[in-house]
Amino acid sequence: QVRLVESGGGLVQPGGSLRLSCAASGTIYGIDHMAWYRQAPGKQRDLVARIFGTGSTDYADSVKGRFAISRNNARNSVFLQMNDLKPEDTAVYYCHVWSRGRAHWGQGTQVTVSS
């Protein structure tokens, strides 16, 4: 059973930065892409950013130019560097891996942007 474990969330002031990390407890084979989603209270879970095995990436419009996703293929890890954070970025952030037609999810890490 593979587990995804996120870390790096917390409370930050507007304009600040955080770096989220996600590591798999075991080996995941045949990964198509790795991604970060987020869910604010009362809202649906939305894609924030994803990265494919080729290294190509895509981002939600709301985070373009502020967030950067990266991965370490050898360690089945994915990262999200978040800069210039805004109050509307407040949410629980989830790590996601799509592999061989199956989705794997982390337990989520809270990010709160507030002064």
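What counts and what doesn't
Residues numbered from 1 in each chain as written. Predicted model: local features only at pLDDT ≥ 70, side-chain atom pairs only at ≥ 80, totals over all residues. Heavy atoms only, no water. Helix = DSSP H or I, 4+ residues; strand = E, 2+ residues; numbered from the N terminus. Rg over C-alpha atoms; globule rule 2.2 N^0.38 Å. Buried < 20%, exposed > 50% of the residue type's maximum accessible area, 1.4 Å probe, protein only. Pairing = 2+ DSSP bridges. Core = buried A, V, L, I, M, F, W, Y, C linked by side-chain atoms within 4.5 Å. Contact = heavy atoms within 4.5 Å. Disulfide = S-S within 2.5 Å. Axes fitted to C-alpha atoms, helices over the stretch in contact; angles between N-to-C directions.

Draft legend 1. How the structure looks around the overall build of the protein. Helix and strand counts for the protein come out as zero helices and eleven strands. Starting at the N terminus, the α and β elements of the protein follow one another as β-β-β-β-β-β-β-β-β-β-β. In summary, the protein has a C-alpha radius of gyration of 13 Å against a globular reference of 13 Å for 115 residues, a match within 12%. Dimensions along the principal axes, computed over C-alpha positions, put the protein at roughly 40 × 25 × 25 Å. Buried residues in the protein amount to 39% of all 115 residues.

Draft legend 2. Molecular detail of the pairing of strand S4 (residues 31–39). Burial analysis of S4 places seven of its nine residues in the buried class, the great majority of the element. Sheet topology places S4 next to strand S5 (residues 46–52); six bridges connect them, and they run antiparallel. Looking across to S5, one finds that Ala-35 is bridged to Arg-50. Once S4 ends, the chain turns through six residues before running back antiparallel as S5, passing Gly-42 with a positive phi of about 75 degrees.

Draft legend 3. Examining the nonpolar core more closely. Residues Trp-36, Val-48, Phe-67, Val-78, Leu-80, Met-82 and Tyr-93 are the most contacted members of the largest nonpolar core, which totals 26 residues. The set of elements that each furnish at least two residues to this core consists of strand S3 (18–24), S4, S5, strand S7 (67–72), strand S8 (77–82), strand S9 (91–99) and strand S11 (109–113). Apart from the residues lying within four places of it in its own chain, the contact partners of Val-48 are Trp-36, Tyr-37, Arg-38, Asp-58, Tyr-59, Ala-60, Val-63, Phe-67, Leu-80 and Tyr-93.

Draft legend 4. Here's a closer look at the state of the cysteines. Overall, the coordinates contain one disulfide when judged by the stated rule. Paired by a disulfide, Cys-22 and Cys-95 hold their sulfur atoms 2.0 Å apart. Judged by the sign of its S-S torsion, about -80 degrees, the cystine formed by Cys-22 and Cys-95 is left-handed. Placement of Cys-22 in strand S3 and of Cys-95 in strand S9 is noted, with a sequence separation of 73 residues between them. For the pair Cys-22 and Cys-95, one class covers both residues: buried.

Draft legend 5. Looking closely at the environment of Ala-35. Mapped onto the secondary structure, Ala-35 falls in strand S4. Taking the C-alpha atoms as reference, Ala-35 lies 12 Å from Ser-99; in sequence the two are 64 residues apart. In contact with Ala-35, not counting residues within four places along its chain, are Leu-47, Ala-49, Arg-50, Ile-69, Tyr-94, Cys-95 and His-96.

Draft legend 6. How the structure looks around the sheet that holds S7. Taken together, four strands build an open sheet; the order of strands is S1-S3-S8-S7 and the sheet is antiparallel. Two strands lie at the open edges of the sheet, namely strand S1 (4–7) and S7, each paired on one side alone. Here the strands of the sheet are splayed against their neighbours by 15 degrees on average, with no regard to which way each runs. By the bridge criterion, six bridges tie S7 to S8 in an arrangement that is antiparallel. The residue bridging Phe-67 from the neighbouring strand is Met-82, located in S8.

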